[in-house]
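# Reading the structure
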Amino acid sequence: MGKDLLIKTLKHEKTDGVPWVPFAGVHAGKLKGYTAEEVLKDADKLFESLMEVKKIYAPDGMPIMFDLQVEAEILGCDLLWAKDNPPSVKSHPCSGEKSIPCNCKIPTADSGRIPMIVDVMKRMKAAVGEEVALYGLICGPFTLASHLRGSEIFMDMIKDPAYVKELVEFCGEVACKLSEIYIEAGMDVIAVVDPLVSQISPKHFESMLSDSFKATFDFIREKGALSSFFVCGNATRQIKVMCDTNPDSISVDENVNLHDSKLVTDPYNITIGGNIPLTTTMLHGNQQDNMKCVIDLMDSLDHHNLIISPGCDMPYDTPIENTVAVAQAVKRTDDARKMIENYESVEEDIDISIPDYKDRDKVLIELFLLDPEQCAACTYMLNSVVDIYDEIKEMADYVVYKYTIKEDIARTKKMGISNLPTMCVNGEVKWVSIIPSKEEFINEIKKYIKKK
Amino acid sequence: MNKELIFQMAHASIIDCDEDKAMQVIKDAQDNNIDLVELLSMGFSSGIRELGDQFGRGEIFLPELIFSTEVMKKASAVIEEKLGSDNVQKKAKMVIGTVAGDVHDIGKGIVCSLVKSNGVEVYDLGREVPALTFIEKAEEYQVDFIGSSALLTTTMTEQKKIEDILRKEGLRDKYKTMVGGAPVTKRWAEKIGADAYCEDAAESVKMVMQWIEQGGK
């Protein structure tokens, strides 16, 4: 399982499971209370956040940094930073005048934020590299070309294709250089992320972009790493020409029908990944929506050459419990199916008595979990209590409710708890998906003793 | 050369993204005493509408759409210059912009050009536009429609602010509002109380035209 499962999938070998890769870019920061800007600029905060992603979401593979503006910033684009999004490019150095940047500007290991990224890559490799496949993300040559030239590039594609091809070739060289740096820092997979590819015709892709993408994927292969071609938007018509550039895998978002696209990628023996809807399901849905989405996806697809992941970079504020539910559904699909069935079938009127917290001698800690054996976040939440129980047993009791048991589901509903794992203290919700530190936890218990 | 043939050529010049052909058609129309306003609406605008539909169906892509929109803009400018812009009556007025905190404006730019190509006077407020500015400018220019684009899940909330301010100021019934952008959905439009969600440029044009036919506000 874990890294081995993902690597086998990317090498098109038969596997006994489907790998799960959460694209927790800026969302990683949310897990530790850091802003997008903080995790994209500060190595320690990024590392700390990524370790939390590994802990809570139990991924088989994970990206180190999801920021398509790293290369653009080095090449002279001004960025607009945000608290809860990756930065946006706000100025384009080749706008107004058709020019190709000097080769002397191709990034090196010392350029811009690359030293910080490489530092975190090396630390993550040392910390979890045996268990999790690590993704180094680079900006695809076409999107980088658009960062440099601005929206004029779309006019250029009709008026001056030779210029576009030359600019994209330059960006292809940047892509190879970044790939080399990231592979040397220990990345197992290089993801070439090019959202704009969905906006141009397959004919334009072939005449102006194919060569640079193919050269990038060949380069990654020569260097001994695996590759993925990420696209955003409705890329249905571009999947075939993307396959022709020979990546090991392709990743698509919710605008693409994964079933139909797999019919295109399978004859090429290219792995396909996707495509849990980012906003309607992950950001605005609940745990049941997310489990159901994954189950429906997995039921509709042949599991060979398949990766389950969000459609693209997860929104910063994606509820942690939704991602926990996705992880559970990918790893324990049949259990998740049962949980949803139980959830839908459980009547609210199963006789459940709520404890009389005020009359109890001790504080009561109630843990509402999906499945403490299989859900990583649930296991950690349970352990946060079990590990210190000796220290608190004189003042508190704890009880575990599992989402696999009908009576426990009824209790979950009656208590008004909508997301799991959740920890309550004397009937009040205290932590949802977040695992409290020992100090924080004990302080909270003490507050309740004082109240008595 | 008869009128229908010239209209067809105008239509084709937009579909083929051919600026030279478009300029030739205008000259042919003048030589044949064809009303240039009619040429604009029956010929060029018909072409841009078809192109918008093709874009909506995924049959053409962004470069072709942007290029043809440029050809359309040039044809409109030449006709307006020949007639004097006052003689080309605008059907309605609209303000449009990308909301505060958001610098993405490719999609907004296309909507702007396409709507303009269909005879609507469009005031492009640019990008990073605060919610209040949308309303101040709508009042200043006395427009009929307000369009806002948001490309980030976090900046979508600015679209809600526009609706909130309109309601607070008692101006909600004065304007029709439309929202768009990659993360925006019909559900979002309904939730915040916008009049329409438009998935792409072609839908935006259709919605604006529909509102005009219905008598605007």
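Definitions and limits used
- Residues numbered from 1 in each chain as written.
- Chains lettered and ligands numbered in written order.
- Predicted model: local features only at pLDDT ≥ 70, side-chain atom pairs only at ≥ 80, totals over all residues.
- Helix = DSSP H or I, 4+ residues; strand = E, 2+ residues; numbered from the N terminus.
- Rg over C-alpha atoms; globule rule 2.2 N^0.38 Å.
- Buried ≥ 20, exposed ≤ 12 C-beta atoms within 10 Å, placed from the backbone.
- Contact = placed C-beta atoms within 7 Å.
- Nonpolar A, V, L, I, M, F, W, Y, C, P; charged D, E, K, R; others polar.
- Domains from an automatic or database assignment.
- Pairing = 2+ DSSP bridges.
- Axes fitted to C-alpha atoms, helices over the stretch in contact; angles between N-to-C directions.

### Notes on the overall build of chain A
- Looking only at helices and strands, chain A features 20 helices and 13 strands.
- Taken over C-alpha atoms, the radius of gyration comes to 24 Å for chain A, in line with the 22 Å a tight globule of 452 residues would show.
- Considering only C-alpha atoms, chain A reaches an extent of 80 × 40 × 35 Å along its principal axes.
- A burial count over chain A gives 52% of its 452 residues as buried.
- Here the contacts in chain A between residues at least 6 apart in sequence split such that 72% fall between residues at least 24 apart.

### Focus on the environment of Gly43(B)
Residue and element names in this part refer to chain B.
- Its place among the elements puts Gly43 in helix H3 (residues 36–56).
- Judged by local crowding, Gly43 falls into the buried class, with 27 C-beta atoms found within 10 Å.
- Put simply, Gly43 and Ser13 are 30 residues apart on the chain and 9.2 Å apart in space, counted from C-alpha to C-alpha.
- The residues touching Gly43, leaving out its near neighbours within four places in the chain, are Ile6, Phe7, Ala10 and His11.

### Re the interface of chain A and chain B
- Every contact between the two is made by 22 residues of chain A and, on the other side, 18 residues of chain B.
- The element contributing the most residues to the side of chain A that touches chain B is helix H8 (residues 152–159) of chain A, with four residues.
- For the side of chain A that touches chain B, a count of residues per class yields 10 nonpolar, nine polar and three charged.

### Some thoughts on the domain arrangement of chain A
Residues and elements named next belong to chain A.
- Each assigned domain of chain A is listed with its residue range as follows: domain 1 (3–339) and domain 2 (357–451).
- With centres defined by C-alpha atoms, the gap from domain 1 to domain 2 works out at 37 Å.
- If you look at the interface, domain 1 gives 17 residues, while domain 2 gives 15 residues.
- Those elements that provide at least two residues to the side of domain 1 that touches domain 2 are helix H4 (43–57), helix H15 (320–331) and helix H16 (333–345).
- When residues in the side of domain 1 that touches domain 2 are grouped by element, the largest group, six residues, is from H15.
- Looking at the side of domain 1 that touches domain 2, its residues break down into eight nonpolar, three polar and six charged.

### Examining the sheet that holds strand S10 (residues 363–369) of chain A
Residues and elements named next belong to chain A.
- Within the open sheet, the four strands sit side by side as S11-S10-S12-S13. Their pairing is mixed. At either end of the open sheet lies a strand with only one pairing partner, and these are strand S11 (396–402) and strand S13 (428–432). Going across the sheet, the axis of each strand differs from the next one's by a mean of 25°, ignoring polarity.
- Note: strand S12 (residues 422–425) against S13, four bridges, orientation antiparallel. Residue pairing across strands places Val425 opposite Glu428, the latter belonging to S13.
- Sitting on the sheet, helix H17 (residues 376–386) touches S10, S11 and S12, and the angle it makes with S10 is about 165°.

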